[in-house]
Amino acid sequence: MINTKYLTVTVIAFLLGMHVFSQQSVGFRQPEKEFDKALELYRLNKFGSAREQFEKFIANSVRAGSNLISEAYYYRAICAKELENGDAQYLFEKFVMEHPESNRKAFAYFHLGDIQMNRKKYRQALRKFEDVKERKLDDETRYAYFFKKGYCHFMEEEYDVANQYFYDLKDVDSKYYDAANYYYSHIQYQKENYETALKGFRRLEHVEAFKKVVPYYIAQIHYLKGDYDASIEYALPMMEKGAKKRQADMARIVGESYFAKKDYAESTVYFEKTIELSENARREDYYHLGFAYYYRKDYAKAAEFLSMVTSANDEMAQNAYYHLADCHLRLNDKKRARVAFEAASKLDFDKDIQEDALFNTIKLNYELSYSPFNEIITSLLGFIEMFPESDKIDLAYDYLGKVFLTTKNYEQALGALEQINIKNAGVYKAIQRVAYHHAIDLFTNLRFSEAIKVFDYSLQYDKYDNDLKVKAYYWRGEAKYRLNNFTAAVKDYNDFILMQGSYKTQYFALAHYNIGYAEFKSKNYENAKSWWRKYVKLEMDKEAATVGDTYNRIGDCYFVQRDFQQAINYYEQGEAFIEGTPDYSLFQKGISLGILKQHKQKISELNDLIHKYQNSNYVDDALYEMGKSYVALNDLDNAIKSYKTIKEKYPISSYAKKAMLQLGLVYYNANDYDNSMAFYKRVVNEFPGTQESTESLLGIRNIYMDRNDLDGYVRYTKTLGSFARVDEHEQDSLSYVSAERYYMEAKCDIAIKNFKQYLKRYPQGLFVLNANYYMADCLYKQGDKTDALKAYRYVTSRGKNIFTEDALIRSGEINYAMNSYREALKNFRELEQVAEIQANQMEARIGMLRCYAKLTDADNSIEAAQTVLDDPKVAGEIVREARFIKAGAHMMKGDTENAMAEYMILAKNPQSAEGAESKYLITQHYYDTGDKKKAEDEVFDFANKGTSHQYWLARSFIVLADVYESSGEYFQAKQYLQSITENYKGEDDVQGMVAKRLASLEKKMAVSTAEESADSLNIQ
């Protein structure tokens, strides 16, 4: 039936149109034709031309109908939008403002929202959509409006709102039918309404735009519903279709389905297929594959894949760490298990796993004796604090007590012990032990004062371990001895000896030997003899060099007490020890015989010394003493021969000037004045200002007087310096003595001032040598090393004198400290040549060694080091230093084999600085030469032995991380580096090295964590 009402309206409208048209002339129709032309171009999608035509119409529309003008503005904005012109938004907004009554206003707001949506500004789009009055839209635009508004809510994750819009469209026959169904189903999938989602996805199974993604959801829904067979049946055929990404998706679902069915063999096949097909496999893929192998009890494979899941700190990583640790335990690899448990314990997503992992970390650390940076104590204290109600808490306390008794990281352990608020007997016992070993470390590294304080601390808890108490007294005595506090040292040694249990220690006999030395240096000779005799009786190794040394020292005591016959008896016993100092024994025996006026026997003994020990430091001494005995026997020819031998063979010896003085005297006694005068004058000329030159002047004066030529003597003295002028002697002496008195009273400021005045007034005075040396000593003590060095140089330039050796030692020391290594080397070389005191000769050799090392003179470093090492009496710390320098010199020469041999000797004791660095260098060498297994073993051996030199231990663990990284074990490498970051406390370059490596590892370990999401659609 025709609705006449609507017909009437239509007709009226038509008639009104005809009436208007009839009133217009042909000229008024021109703009309308332009509008029609523009509209036609628009309908043909020629938006650029259409826009131009609409703009032309607008320009000529003065007399056109207002409705057409509004339409032209609207269509111009549409064309701008289609052309993606930058002013489209502006044109729509302008249209809305200028044509508020237009029936196109709702459409304009829709397009404004659409523009914002296309820019991915979904919240702004929704604001524009809110202004749309949907009832004024046509059906097609209304469907678009619903869909796009729903899509914006979807992208803003407002799924419930979006769901309503898609629901309204999913059954409507429109261009948005498929997309609406997809997003509606996707939301239902997210809400776990799987049946509804499945129904929607089924609609799209064969739709071109969705057939790549929808099967994945269908298969996944079957899986999520627990219908694993259906999931497998649906997904398997899809594995042969589409791109690799979709094939991987299907393989993943099949793998997960088989895993859920506990068919782990099949699941591993499809998980591996998933990883093979994936351009960037997901962490979840490795996680599931790892667990599939875990349940198949293929723990090696399981560990391989579980370790690839640890790039993030989340619940998945914690679970992977925990089961990775179990894999390593089952493979009997406790080291790797420990690392994995530790990693799991640092995450708290699952508290039960964290607790068990932390306890297992502690347990394995203890079993492996692994605590390089005190991890065992730190982790135990952490466990007790974090899990006080744990059923393992009693075991934790038990382990804590054991660990404190076995830890080797003593300084940090002591700090941890002191932080325990409630201390029981176990803690106090641990404090005693840890403090004792920390003190031993300090002693080993020559920090004696600090060591004494820590020994004191240990002894506060001496009732808990008698063995440690006994040893602490011994080593505290040793430290005090090294600081020249002999009285205190003797007390500690005595207390040690009297303690129960001291006899069983290896130090019991040695303590007697040390007390002997302490008493000797305190000039308590009777006590010294008594203790040394006890030592000889106690020493089990009767061939030891120390036994020979003891006989000599007892002989020295009798010598000082002027019991020369007894001294001789003991020197004879000392002579029998070839490894000792038999040359010293012979010399002292000869001197003793001479004092007893047994000159022939003395000469015989000294001759024996010269022939047996031609390189002995005592040869020039022996020749001089033989000369004196020949004089006593009136055998002047042999006396002259002995003295001349000294001058010829040992010209820089301190005995050279003494020998010439004696030659002058011998010739004088033989009435050979010419030769006597010649030798006396040589002493005066070559050694002016010395005691020998003064004595020579007396001899010269006697000769002149014997010749009745006193004027000749006066003329001779005038040719000399002021030191020879008789009238100035007394004033010279008084001036010097005044300055010397201040020096002896340790008033260095005044002494220096007076010595300078003396030297200025008497530049060639009798005491110039003494004044320069004493002034240098004061300047040195006050820290004025530069001026001290100048004064020492004067002393060393005056030939061999009583101050030469000390001055050369100080000069070398100062030059070395000022980095003047070549000058220092000259000082030490000269010292080695002139030193008559054996200790000074060794000081010279050590100084030369250090200078060669600083000058990177490899060959001379090796030779000097070997010279030091060949001396059996060199202190242990010097032996370490020499060996370390020797090893470094071999490395400079490219002689790695010999270098490593030396480093390996040093590395046996990593508690020393040289030992710790050597251990690291050995580790680095093994890594650099490709022997990764040995490098790894060295690091763990280093950790087990422990060291107070944490820097080198940390550097070794960095090498360990390099070992694992180069072997593809990124997880292990990362965990060890992180352990350094968390536990190493040093402020140096270690953290920078670690950070650099961690950054590199993070990139290598990066595994995709992207989750599957809806494919983006091109929404129009």
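Remember, predicted model here, so these are calculated numbers, not experimental data.

A. Inspection of the overall build of the protein at higher detail. Counting its secondary structure elements, the protein contains 54 helices and zero strands. A compact globule built from 1020 residues would reach a C-alpha radius of gyration of about 31 Å, whereas the protein, at 50 Å, exceeds it by more than 25%. Viewed in the frame of its principal axes, the protein has a C-alpha envelope of about 175 × 70 × 50 Å. Counting over 1020 residues, the protein shows a buried share of 53%.

B. Seen up close, helix 19 (residues 334–345). Taking 1.5 Å per residue as the helical rise, helix 19 with its 12 residues ought to reach 16 Å, and the 16 Å between its terminal C-alpha atoms agrees with that figure. When you tally the buried positions in helix 19, you get 10 out of 12 residues, the bulk of the element. Against the buried residues of helix 19 lie helix 18 (315–330), helix 20 (351–368), helix 51 (932–945), helix 52 (950–966) and helix 53 (970–983).

C. Structural view of the state of the cysteines. Inspection of the entire model under this criterion finds one disulfide. With a sulfur-sulfur separation of 2.3 Å, C748 is cross-linked through a disulfide to C778. Between C748 and C778 the disulfide shows an S-S torsion of about -75°. By sign, it is left-handed. Here the residue C748 occupies a position in helix 41 (residues 748–761), and C778 occupies one in helix 42 (residues 768–781), the gap between them amounting to 30 residues. For the residue pair C748 and C778, the accessibility class agrees, reading buried in each case.

D. Structural context of the nonpolar core. Judged by nonpolar contacts, the single largest core of 105 residues is most densely connected at L380, F383, L417, F496 and Y643. When residues of this core are assigned to their parent elements, the largest contribution, nine residues, is made by helix 24 (residues 425–444). Setting aside chain neighbours within four positions, we find F383 in contact with E355, L358, F359, I362, P388, S390, K392, I393 and A396. Counting 79 residues, the second-largest nonpolar core is a separate cluster that includes F57, Y165, I232 and M239.

E. Layout of the packing of helix 51 against helix 52. For the pair helix 51 and helix 52, interaxial distance at closest approach is 9 Å and the crossing angle is 150°. The chirality of how helix 51 crosses helix 52 is left-handed. Together, K932, A935, E936, V939, F940, F942 and A943 of helix 51 and W952, L953, S956, F957, L960, V963, Y964 and S966 of helix 52 make up the contact between the two elements. Looking at the contact of helix 51 with helix 52 residue by residue, the classes come out as 11 nonpolar, two polar and two charged.

F. How the structure looks around unusual backbone geometry. Here the phi dihedral of K523 falls at roughly 65°; this positive angle occurs in a residue that is not glycine. Relative to the helices and strands, K523 is located in the loop between helix 28 (508–521) and helix 29 (525–538). Although it is not a glycine, N634 sits at a positive phi angle of roughly 60°. Inspection of the secondary structure puts N634 in the loop between helix 34 (619–632) and helix 35 (636–649). On the basis of relative accessible area, N634 is assigned to the exposed category, the value being 60%.

G. The arrangement of the confidence of the model for the protein in detail. Here the protein averages 87 in pLDDT, while 93% of its residues score no lower than 70. A low-confidence stretch, residues 1–28 stays under pLDDT 50, and its non-local contacts, those more than four residues away or across chains, total four contacts. For the stretch residues 1010–1020, pLDDT sits under 50, and the model shows 26 contacts to residues farther than four places along the chain or on other chains.

H. Seen up close, the side chain of H599. Tracing the chain through its elements places H599 in helix 33 (residues 599–612). There is a polar contact of 3.1 Å between the side chain of H599 and the side chain of S629. If sequence neighbours within four positions are ignored, H599 has contacts with G594, S629, A632 and L633.

I. Broad picture of the packing of aromatic side chains. Going through the model one piece at a time under the given rule, you end up with 98 aromatic pairs. Consider the rings of Y182 and F201, whose centres lie 6.1 Å apart with planes at 65°: the pair is edge-to-face. With Y182 in helix 10 (residues 177–190) and F201 in helix 11 (residues 194–203), the pair connects residues that are 19 residues apart, well separated along the chain. Given a relative accessible area of 0%, F201 falls into the buried group. The residue whose ring lies beneath R338 is Y370, and the NZ or CZ to ring-centre distance is 3.8 Å.

J. A look at a nonpolar patch on the surface. Together, M705, L710 and V714 make up a nonpolar patch on the protein surface, roughly 270 Å² of accessible area in all. Here M705 is to be found in helix 38 (residues 691–706).

K. Up close: the environment of F803. Assignment of secondary structure puts F803 in the loop between helix 43 (785–797) and helix 44 (804–817). The buried category is assigned to F803, whose relative accessible area is 6%. Each C-alpha atom, one on F803 and one on A88, is 102 Å from the other, the two residues being 715 residues apart in sequence. With sequence-adjacent residues up to four places away left out, F803 is seen in contact with L769, N770, Y773, Y774 and V795.

L. Molecular detail of the pattern of salt bridges. Inspection of the entire model under this criterion finds 69 salt bridges. A salt bridge links K346 to E342; the nearest nitrogen and oxygen atoms lie 3.7 Å apart. The exposure class of K346 is partly exposed, given its relative accessible area of 34%. In this structure, K893 and D859 form a salt bridge, with 2.6 Å as the shortest nitrogen-oxygen distance. Placement of K893 in the loop between helix 48 (876–892) and helix 49 (896–907) and of D859 in helix 47 (residues 858–869) is noted, with a sequence separation of 34 residues between them. We classify D859 as partly exposed; its relative accessible area is 47%. Residues joined in a network through salt bridges with shared partners are K245, R246, D249, R252 and D285.

M. View of helix 39 (residues 710–718). Within the span of helix 39, buried status applies to G712, Y713, Y716 and T717. Along helix 39, the residues classed as buried sweep out an arc of 135° about the axis, all on the same side. Opposite its buried face, helix 39 presents the exposed residues D711, R715 and K718, each directed more than 90 degrees away. For helix 39, the secondary structure elements touched by its buried residues are helix 37 (673–686) and helix 38.

N. Quick look at the environment of K1004. The residue K1004 is located in helix 54 (residues 990–1005) in this model. Sequence separation between K1004 and G968 is 36 residues, and the spatial gap between their C-alpha atoms is 9.5 Å. Beyond its immediate chain neighbours, meaning those up to four positions away, K1004 contacts E965 and Y970. Of the polar contacts made by the side chain of K1004, one reaches the side chain of E965; its length is 2.8 Å.

O. Region of interest: the packing of helix 48 against helix 49. Running from amino to carboxyl end, helix 48 crosses helix 49 at an angle of 155°, the nearest separation of the two axes being 7 Å. Judged by the inter-axis angle, helix 48 sits roughly antiparallel to helix 49. Helix-helix and strand crossings are classified by hand; for helix 48 and helix 49 the assignment is left-handed. Contacts from R880, R883, F884, K886, A887, G888, H890 and M891 in helix 48 reach T896, N898, A899, M900, E902, Y903, I905 and L906 in helix 49.

P. Focus on the environment of L498. In this fold, L498 is placed in helix 27 (residues 486–498). Taking C-alpha positions, L498 is 9.9 Å from F508, a pair spaced 10 residues apart along the chain.

Here is what the cut-offs are and how they apply
Residues numbered from 1 in each chain as written. Predicted model: local features only at pLDDT ≥ 70, side-chain atom pairs only at ≥ 80, totals over all residues. Heavy atoms only, no water. Helix = DSSP H or I, 4+ residues; strand = E, 2+ residues; numbered from the N terminus. Rg over C-alpha atoms; globule rule 2.2 N^0.38 Å. Buried < 20%, exposed > 50% of the residue type's maximum accessible area, 1.4 Å probe, protein only. Expected span 1.5 Å × (residues − 1). Contact = heavy atoms within 4.5 Å. Disulfide = S-S within 2.5 Å. Core = buried A, V, L, I, M, F, W, Y, C linked by side-chain atoms within 4.5 Å. Axes fitted to C-alpha atoms, helices over the stretch in contact; angles between N-to-C directions. Left-handed = near helix turned anticlockwise from the far one by under 90°. Nonpolar A, V, L, I, M, F, W, Y, C, P; charged D, E, K, R; others polar. pLDDT = per-residue confidence, 0-100. Polar contact = N/O pair within 3.5 Å; in protein donor to acceptor, adjacent residues only side chain to side chain. Phe/Tyr/Trp six-rings, centres within 6.5 Å; stacked < 30°, edge-to-face > 60°. Lys NZ or Arg CZ within 6 Å of the ring centre and 35° of its normal. Patch = residues over 30% accessible without salt bridge, like charges linked within 9 Å, V, L, I, M, F, W, Y side chains within 5 Å. Areas by Shrake-Rupley, 256 points an atom, 1.4 Å probe, with all protein chains shown as cover. Salt bridge = Lys/Arg side-chain N within 4 Å of Asp/Glu carboxyl O. Arc of directions from axis to C-beta. Parallel < 35°, antiparallel > 145°, perpendicular 65-115°, else oblique.

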